[in-house]
Amino acid sequence: MSRDLAVALALARKDALAELRGRVATGTTLFFGALVLLLFGFALGPDADRLRQAAPGLLWLAIVFAGLLAVGRLHESETEDGALEQLSLYPVGRHALYAGKALAGFVAMLVLGAVLLPVMALLYGVDLASALAPLALVLVLGAAGFAAVATCYAALTVRMRSRELLLPLLVLPVVAPLLLAAVKATAGALGGDPFGELGAWLALLAAFAVLMLVAGAATYRFALED
Amino acid sequence: MKTRILGWLALVAIAAATLNSLVGVPADLNQGDAQRIMYVHVPSAWLAYLSFGVTALGGIGWLWRRDPRFDWAALAGAEIGVLFTAFTLWAGAMWGRPVWGTFYQWEDPRILSTTVLLALYAGYLLLRRLTDDPIRRANRAAVVGIVAALDIPIVHFSVEWWRGLHQGPTIGSPERIFNPAAPDLFVRALLSMLAAFTLAWLYLMIRRYQLAALHARTDEAARRGSLAAARAAAEPGVPDVVPARPVEPAS
């Protein structure tokens, strides 16, 4: 158990290091996410009230779209120089590899959210200061759920030629409830939760994350086995 | 032969149930003849869920026993499930237009979850199409089929809450129509259609499974290069240019 944890941490650390040194994915995915937010503004603006109302939904769409790139990239980078073969030859449980990859994806999603949230606030004129704690909680749970699904599916598609096309088509329907819950929770947090439903949505996000993490850990070896 | 009898039986049953639901029971007092769509709408939805259940179980069976027959059943379930899901949505839209005044209703959670269901399994079929190797295909499909099945209840709850936390229950939801308080006549018409549809489903599932088995056999034959060998045998003068490849070891 502790060995699995060490493997997972080492794998996530390796991905983080590679990213810190190369800085390829971070820059491009953050830029892409911010661009999506900007273009949503063009599509729905210039009415400021309308933008503010749609802000939670637009934020999460930007996070999900950019997240597909970020998490997909974590597996694509393994295909270079036969790294994936090496990885799958390690005599460790596949669930440990999954945990490491999902952890790296989770951190990437957190960075994405932490940057896109203020960008959204700036572009659409939304006040974040009063709701930072619940927003952080929504972000953490949403990032965990998304990373859980996308990591499993990225491993599944990474060896396919059409992976860039297929990954979003597979992940997006699965994360539909996550998107819904995250948007409602974000709107609740920003609007002071007048209906008292924030807790229910956070619970749904947590349940989604736990379920998908268990499913991912159990099936990752079949997704990776090629 | 037995399958053919089942097919004819299903056809006769559907014809009888259709006749009954069209002329055997009176039109609904409020919705008129449009309500009759419910007799095919509800059975389709039920069979869609049944099919995806088969897909999930087939996926688990494949990963557990490594027997391709589980994969064939999973494929049959997904394809026929997508068919019935699409039909459910289509019939719902045809009913919604005269009764609700709109084809697609964002207020109704069931429509939303059914649409997500369609997208989930369309992705499953697409993934299968894009993978040639049968073992990889079965592996990948099994993972997606299992994750999709786990997702269904979450999708269901999320859209229920989405509407439910704000507003009262949706008007004209299938549950109300299917209310036990409805006259026996209507319930009986629905149940007979349900039985007829399930027979047809069983027939389609068996046929799709058989087709998958045949596909696997021809693929396997091509893989072994026995086609080339057969060609060489038919024309003794032509040398066998395609050497028989050994069967790939199962990974």
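Each value, and the rule that gives it
- Residues numbered from 1 in each chain as written.
- Chains lettered and ligands numbered in written order.
- Predicted model: local features only at pLDDT ≥ 70, side-chain atom pairs only at ≥ 80, totals over all residues.
- Helix = DSSP H or I, 4+ residues; strand = E, 2+ residues; numbered from the N terminus.
- Rg over C-alpha atoms; globule rule 2.2 N^0.38 Å.
- Buried ≥ 20, exposed ≤ 12 C-beta atoms within 10 Å, placed from the backbone.
- Contact = placed C-beta atoms within 7 Å.
- Axes fitted to C-alpha atoms, helices over the stretch in contact; angles between N-to-C directions.
- Left-handed = near helix turned anticlockwise from the far one by under 90°.
- Nonpolar A, V, L, I, M, F, W, Y, C, P; charged D, E, K, R; others polar.
- Expected span 1.5 Å × (residues − 1).
- Core = buried A, V, L, I, M, F, W, Y, C linked by C-beta atoms within 7 Å.
- pLDDT = per-residue confidence, 0-100.

Participant: What's the story with the overall build of chain A in this structure? I'm lost.
Facilitator: Summing up its helical and strand segments, chain A has 9 helices and 0 strands in all. Computed over C-alpha atoms, the radius of gyration of chain A comes to 18 Å, within 12% of the 17 Å expected from 2.2 N^0.38 for 226 residues, which places it in the range of a compact globule. The dimensions of chain A, computed from C-alpha atoms along their principal axes, are 55 × 30 × 30 Å. A total of 226 residues make up chain A; the buried ones form 48% of that total. A fraction of 83% describes how many contacts in chain A between residues 6 or more apart in sequence connect residues 24 or more apart.

Participant: Which parts of the structure should I look at to understand the packing of helix α3 (residues 68-100) of chain B against helix α4 (residues 109-129) of chain B?
Facilitator: When two helices pack together, their arrangement is given by the angle between the helix axes and by the axis-to-axis distance. Residue and element names in this part refer to chain B. With their axes 9 Å apart at the nearest point, α3 and α4 run at an angle of 145° to one another. Along this stretch, α3 crosses α4, giving a crossing that reads as left-handed. Between α3 and α4, the contacting residues are L75, A78, E79, G81, V82, T85, A86, T88, L89 and G92 on the first element and I111, T114, T115, L117, L118, Y121, A122, Y124, L125 and R128 on the second. Grouping the amino acids of the contact of α3 with α4 by side-chain chemistry returns 12 nonpolar, 6 polar and 2 charged.

Participant: I'm lost on the interface of chain B and chain A in this one. Help?
Facilitator: Many structure descriptions define interface size as the accessible area lost when the parts assemble. Listed per partner, the contact involves 29 residues of chain B and 26 residues of chain A. Put simply, the parts of the chain that give the side of chain B that touches chain A at least two residues each are α4 and α5 (134-164) of chain B. A class-by-class count of the residues in the side of chain B that touches chain A yields 21 nonpolar, 5 polar and 3 charged.

Participant: Any chance you could explain α3 of chain B here in plain terms?
Facilitator: Since the α-helix turns once every 3.6 residues, residues separated by three or four places project in the same direction. Taking 1.5 Å per residue, 33 residues should reach 48 Å; α3 of chain B reaches 46 Å between its end C-alpha atoms and fits that length. Directly beyond the C-terminal end of α3 of chain B, a positive phi value near 85° is found at G101 of chain B.

Participant: Would you mind showing me how to read the nonpolar core here?
Facilitator: Soluble globular proteins tend to pack their nonpolar side chains together in the buried interior. Residue and element names in this part refer to chain A. Counting residues in hydrophobic clusters, the biggest one holds 139 residues, and the most contacted among them are A147, V149 and L205. No other element matches helix α6 (residues 132-157), which puts 16 residues into this core. When sequence neighbours within four positions are dropped, the list of residues in contact with A147 reads V71, A102, G105, F106 and M109.

Participant: What is the right way to look at the confidence of the model for chain A in this model?
Facilitator: Low-pLDDT portions of the prediction should not be read for the details of their coordinates. Averaged over chain A, the pLDDT score is 91; the fraction of residues at 70 or greater is 99%. Considering each helix and strand of chain A separately, the mean pLDDT is smallest for helix α4 (residues 83-89) of chain A, with a value of 83, and largest for α6 of chain A, with 95.

Participant: Even after reading the chapter, I still don't get unusual backbone geometry, so can you show me in this structure?
Facilitator: Glycine aside, a negative phi is what most residues show, and trans is what most peptide bonds show. Residue and element names in this part refer to chain B. At R66, a residue that is not glycine, the phi angle is positive and equals roughly 60°. Residue position: R66 is located in the loop between α2 (38-65) and α3. On the neighbour-count criterion, R66 (13 C-beta atoms within 10 Å) is partly exposed.

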